[in-house]
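Summary of structural features
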Amino acid sequence: MVRPTIVDVAQAAGVSRATAARVLAGATNVDTAMAAAVEREARRLGYETNFAARVLRGGRAGAIGLVIAFDELGSLSGTFFTAVLKGAAKGLSAGEVQPVLLPADHEDLDRIPRFLRSGALDGAIVILQHEITHLVERLADSPVPIAWVGRPHADIGPDPIVIDSDNYGGGVLAARALIEAGRRSIGIITGPLDLEQARERTRGWTDELARHGLTPGPIVHGDFTLDSGTAAMARLLQRAPDLDGIFASSDLMAAGAIRVLQAAGRRVPTDVSVVGFDDVLIASTSDPPLTTVRQPLEEMGRAAADTLLATIRGLPTEKVQVLPTSIVRRESL
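All figures in this text were calculated on a predicted structure; none of them were measured in a lab.

This part takes up the packing of aromatic side chains. Enumeration over the complete set of coordinates arrives at one aromatic pair. Taken together, a centroid distance of 6.3 Å and an interplanar angle of 45° make the contact between Phe247 and Phe277 tilted. Here Phe277 lies in strand β9 (residues 273-278) and Phe247 lies in strand β8 (residues 245-248), a separation of 30 residues in the sequence. Grouping residues by exposure puts Phe247 and Phe277 together as buried. Positioned above the aromatic ring of Phe277 is the side chain of Arg201, whose terminal nitrogen or guanidinium carbon lies 3.8 Å from the ring centre.

Here is the structure:
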């Protein structure tokens with residue numbers, strides 16, 4: 001099979017060879033319609049660029065950092081992070097860019113910002129979680145563009161890339177599902193309040209209860225982990241033993257809550273309905289299977305990658321995106 005050449009791509013796109021070469025080298029000062037046509041025809045024809053030469057000509061590293069919390073490396077199956085990472089990796093692969101994993105923790109102050117200043121990366125995707133919220137301010141003056149998955153709590157400069165789900169709407173959906181199930185004494189296990197996502201889910205839950213004339217039940221805080229859900233549910237039962245509905249702001253916390261309820265002799269869903277958030281693996285494998293608010297996690301990761309690459313390449317793109325959530329009904333309701 002004859003491999004297509006840059007001349008083939010140029011002819012198919014209706015541009016000159018020089019223009020096609022500039023686009024495929026990563027130039028950003030090319031008419032957007034022409035650039036889109038060249039990239040489209042290159043993909044259709046299966047044209048493969050000389051990656052090393054492209055990097056040398058374009059002055060780009062050809063790599064994007066994926067900043068994640070260290071703690072997530074111990075749970076690579078079935079968590080929020082897993083699906084986002086998968087979507088981001090797919091998007092970077094489609095864009096012929098190498099992903100570079102950059103784990104960080106709460107003590108990591110300078111390593112990630114220093115690496116972003118080194119010229120080794122063209123940009124970064126930060127999967128924002130409680131353990132690494134301190135990096136938000138550290139990365140505010142990053143010399144390379146950053147796509148945030150999850151809305152940061154602090155100022156991140158002008159024209160940021162932020163990909164998130166509708167956390168407020170998800171809180172509304174969770175409360176509404178519990179109300180429709182006939183529940184009236186409804187408590188919540190929130191996420192860490194240094195995350196905008198956790199605050200928005202709580203606000204949506206509170207507002208929906210108010211719209212139905214219900215007073216919110218007790219509020220306790222977790223950190224999106226199973227163990228924190230277990231501890232939080234124990235505190236909820238001490239404060240309000242007659243609760244008949246629980247909204248846990250992550251599926252892991254909801255699974256921990258169900259264990260405590262069952263150990264206390266409270267049947268789910270006969271005595272207490274439980275709703276989680278995320279729709280990760282544990283939601284379908286818990287006993288009983290968990291009703292939850294689905295975040296489009298893989299789509300969020302892909303959107304972050306696509307938006308970041310478009311920004312780097314000077315292409316028009318929507319930099320702030322809020323993807324819709326939906327309710328997935330299972331037996332815990």
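The next subject is the sheet that holds strand β11 (residues 320-323). Think of a sheet as strands paired side by side through backbone hydrogen bonds, with each pair either parallel or antiparallel. Taken in spatial order, the six strands make up an open sheet running β2-β1-β3-β4-β5-β11, and their pairing is parallel. Every interior strand has two partners, whereas the edge strands, β2 (98-104) and β11, have only one. Neighbour-to-neighbour, the strand axes of the sheet open up by a mean angle of 15°, direction not taken into account.

Next up on the list: the packing of helix α2 (residues 17-24) against helix α3 (residues 32-45). The interhelical angle for the contact between α2 and α3, taken along N-to-C directions, is 80°, at an axis separation of 9 Å. When the axis of α2 is compared with that of α3, the two are roughly perpendicular. Contact residues: Thr19, Ala20, Val23 and Leu24 in α2; Met34, Ala35, Val38, Glu39 and Ala42 in α3. Residues belonging to the contact of α2 with α3 are distributed by class as follows: seven nonpolar, one polar and one charged.

With that settled, the discussion passes to the domain arrangement of the protein. Once the domains are mapped, the protein shows domain 1 (6-49), domain 2 (63-166 + 297-323) and domain 3 (167-294). For domain 2 versus domain 3, the distance between C-alpha centres works out to 28 Å. In this assembly, 15 residues from domain 2 lie in contact with 16 residues from domain 3. If you look at where domain 2 meets domain 3, you find seven residue pairs in polar contact (both at pLDDT 80 or more).

By size, the foremost hydrophobic cluster in this structure holds 45 residues, and its most contacted members are Ile189, Met233 and Val274. With six residues, helix α11 (residues 251-263) is the largest single contributor of residues to this core. Here this core gathers at least three residues from each of two domains, domain 2 (63-166 + 297-323) and domain 3 (167-294). In contact with Val274, other than residues within four places in its own chain, are Leu178, Ile246, Ala254, Ile258, Leu261, Val268, Leu290, Thr291, Ser332 and Leu333. In terms of nonpolar packing, the next biggest core, distinct from the first, is built from 29 residues, Ala88, Ile125, Ala147 and Leu226 among them.

Moving on: the sheet that holds strand β6 (residues 186-190). If you trace the six strands from one edge of the open sheet to the other, you get β7-β6-β8-β9-β10-β12, paired in mixed fashion. Unpaired on one side and paired on the other, β7 (219-221) and β12 (326-328) mark the two borders of the sheet. Across this sheet, the average inter-strand angle for adjacent strands is 20°, counted without regard to direction. As defined by bridge partners, β9 adjoins strand β10 (residues 291-294) across four bridges and the pair is classed as parallel. From the neighbouring strand, Phe277 faces β10, where its bridge partner is Val293.

Moving on, we get to the pairing of strand β1 (residues 63-69). Most of β1 is tucked away, with seven of its seven residues classed as buried. Alternating positions in β1 separate into two faces, Ala63, Gly65, Val67 and Ala69 on one and Ile64, Leu66 and Ile68 on the other, with burial throughout. As defined by bridge partners, β1 adjoins β2 across seven bridges and the pair is classed as parallel. Bridge pairing in β2 links Gly65 to Val100. Where β1 and strand β3 (residues 123-127) come together, four bridges link them in parallel fashion. Bridging across to β3, Leu66 finds its partner in Ile125.

It is worth spelling out the pattern of salt bridges at this point. Enumeration over the complete set of coordinates arrives at 16 salt bridges. Linking Arg44 and Glu41 is a salt bridge whose minimum nitrogen-to-oxygen distance equals 2.7 Å. Of the two residues, Arg44 and Glu41 are both situated in helix α3; the distance of three residues between them amounts to about one turn of the helix. In this structure, the salt-bridge partner of Arg138 is Asp110, at a minimum N-O distance of 2.9 Å. One end of the pair, Arg138, is in helix α7 (residues 135-138); the other, Asp110, is in the loop between β2 and α6 (111-116), with 28 residues separating them in the sequence. One network of salt bridges, with partners in common, ties together Arg40, Glu41 and Arg44.

Cut-offs and rules
Residues numbered from 1 in each chain as written. Predicted model: local features only at pLDDT ≥ 70, side-chain atom pairs only at ≥ 80, totals over all residues. Heavy atoms only, no water. Phe/Tyr/Trp six-rings, centres within 6.5 Å; stacked < 30°, edge-to-face > 60°. Helix = DSSP H or I, 4+ residues; strand = E, 2+ residues; numbered from the N terminus. Buried < 20%, exposed > 50% of the residue type's maximum accessible area, 1.4 Å probe, protein only. Lys NZ or Arg CZ within 6 Å of the ring centre and 35° of its normal. Pairing = 2+ DSSP bridges. Axes fitted to C-alpha atoms, helices over the stretch in contact; angles between N-to-C directions. Parallel < 35°, antiparallel > 145°, perpendicular 65-115°, else oblique. Contact = heavy atoms within 4.5 Å. Nonpolar A, V, L, I, M, F, W, Y, C, P; charged D, E, K, R; others polar. Domains from an automatic or database assignment. Polar contact = N/O pair within 3.5 Å; in protein donor to acceptor, adjacent residues only side chain to side chain. Core = buried A, V, L, I, M, F, W, Y, C linked by side-chain atoms within 4.5 Å. Salt bridge = Lys/Arg side-chain N within 4 Å of Asp/Glu carboxyl O.

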